[in-house]
Amino acid sequence: IIRKGFDRSLYGQERVSSDAVSGVSPCRFNFTAATTPVRAINMCKSWVPDGTLSRCNLLTIDPNECDEKVKYKPCTQRYKDSIAPYIERLNNASGLIHSKKAYQLAERLSDQLEDTYAGTDSESIKTFAPRAITIAYWKAMILYIMAGQKWSKDIENYVEWSLKRDLWTKLNYFGKKLEEDLELFASKFERVM
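A tally of helices and strands in the protein yields five helices and zero strands. Written out in order from the N terminus, the α and β elements of the protein read α-α-α-α-α. Each of the 193 residues in the protein was classed as buried or not, and the buried ones make up 27%. Restricting the contact set of the protein to residue pairs at least 6 apart, pairs at least 24 apart contribute 75%. Split by element, the accessible area of the protein, about 14,100 Å² in all, is 55% carbon and sulfur.

Applying the stated criterion to the full structure yields three aromatic pairs. For the ring pair tyrosine 144 and tryptophan 151, a centre distance of 6.5 Å and an interplane angle of 50° mean the geometry is tilted. By relative accessible area, tyrosine 144 is classed as buried at 10%.

What follows concerns the nonpolar core. In terms of nonpolar packing, the biggest core is built from 27 residues, with Leu53, Leu113, Phe128, Val159, Leu163, Leu167 and Phe174 touching the most fellow members. Elements with a minimum of two residues in this core: α3 (100-116), α4 (123-146) and α5 (153-192). With 10 residues, the single largest contributor to this core is α4. The residues touching leucine 163, leaving out its near neighbours within four places in the chain, are Leu109, Leu113, Ala132, Ile133 and Ala136.

Viewed as axis vectors pointing N to C, α3 and α4 meet at an angle of 155°, and their least axial separation amounts to 9 Å. If you check the angle between α3 and α4, you find them roughly antiparallel. The chirality of how α3 crosses α4 is right-handed. In this structure, α3 contributes Ala102, Tyr103, Ala106, Leu109, Ser110 and Leu113 to the contact, and α4 contributes Ala129, Ile133, Tyr137, Ala140 and Met141. When the residues that make up the contact of α3 with α4 are grouped by side-chain class, the tally is 10 nonpolar, one polar and no charged.

Take the pattern of salt bridges next. Using the criterion set out here, one finds six salt bridges in the structure. Between arginine 108 and glutamate 156 there is a salt bridge whose closest N-O contact spans 3.0 Å. With a gap of 48 residues between them, arginine 108 in helix α3 and glutamate 156 in helix α5 connect regions that are remote in the sequence. In this structure glutamate 156 comes out as buried when scored by relative accessible area, which is 16%. Here lysine 177 ties to aspartate 181 by a salt bridge, and the two come within 3.1 Å at their closest N and O atoms.

The grouping of Glu107, Asp111, Glu114 and Asp115 at the surface amounts to a negative patch. For glutamate 114, a relative accessible area of 53% gives the class exposed.

Turning our eyes to something else, we now look at α4. When the terminal C-alpha atoms of α4 are compared, their 35 Å separation across 24 residues agrees well with the 34 Å that a helix rising 1.5 Å per residue should span. Where α4 bends most, at alanine 129, the angle is about 30°, and the proline proline 130 comes one to four residues later. Positive phi shows up at glycine 148, right after α4, with a value of about 75°.

A word on the packing of helix α2 (residues 77-92) against α4. When two helices pack together, their arrangement is captured by the angle between the axes and the distance separating the axes. α4 packs onto α2 with a crossing angle of 115° between their chain directions and a minimal axis gap of 8 Å. Judged by the sense of rotation from one axis to the other, the crossing of α2 with α4 is right-handed. Residues Tyr86, Arg89 and Leu90 of α2 form the contact with α4, whose own contacting residues are Ile142, Ile145 and Met146.

Criteria and thresholds
Residues numbered from 1 in each chain as written. Predicted model: local features only at pLDDT ≥ 70, side-chain atom pairs only at ≥ 80, totals over all residues. Heavy atoms only, no water. Helix = DSSP H or I, 4+ residues; strand = E, 2+ residues; numbered from the N terminus. Buried < 20%, exposed > 50% of the residue type's maximum accessible area, 1.4 Å probe, protein only. Contact = heavy atoms within 4.5 Å. Areas by Shrake-Rupley, 256 points an atom, 1.4 Å probe, with all protein chains shown as cover. Phe/Tyr/Trp six-rings, centres within 6.5 Å; stacked < 30°, edge-to-face > 60°. Core = buried A, V, L, I, M, F, W, Y, C linked by side-chain atoms within 4.5 Å. Axes fitted to C-alpha atoms, helices over the stretch in contact; angles between N-to-C directions. Parallel < 35°, antiparallel > 145°, perpendicular 65-115°, else oblique. Left-handed = near helix turned anticlockwise from the far one by under 90°. Nonpolar A, V, L, I, M, F, W, Y, C, P; charged D, E, K, R; others polar. Salt bridge = Lys/Arg side-chain N within 4 Å of Asp/Glu carboxyl O. Patch = residues over 30% accessible without salt bridge, like charges linked within 9 Å, V, L, I, M, F, W, Y side chains within 5 Å. Lys, Arg positive; Asp, Glu negative; His and termini not counted. Charge placed at Lys NZ, Arg CZ, Asp CG, Glu CD. Expected span 1.5 Å × (residues − 1). Bend = angle between axes of the 7 residues up to and from the residue.

Written out as structure tokens, the structure is:
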């Protein structure tokens, strides 16, 4: 399902392989796991070399935010009623929906990442960044649809923060492993050549 979410072709998957499927069906999913960093690393470390991790959105809680006690609230009928219009807009969305502002944001964030990491020579960033930008664009579009196809600075600010947090989390917890895997692959490739 995670891989299918990135295959946007109208006629089946964009890549061709023995596990490719034909036909396109709507793909809606929301996988959420809340755990400690150690358990998250253990769960996701096998996803690093095959690209699955780069297709996931990872966020962590900032340790500084934990100073204040988190307040949990029950999911009451009043709350459900308050979000019903947003859910209805998502459920009713169909066809091609375009937001020039969301596209411009994705382009700007892509340019920012290229500028920020131009001199780092980090293969981890080059691997994680393109899909992280795609995920950020999808978030922007979901929020745009939920807001009645109206763009706001709040959407832009959240998406930008979310992209940076996603990349920081991936690089912090999995960047070194990805670099090691890429070096190992390169050395095996050189021996074959």
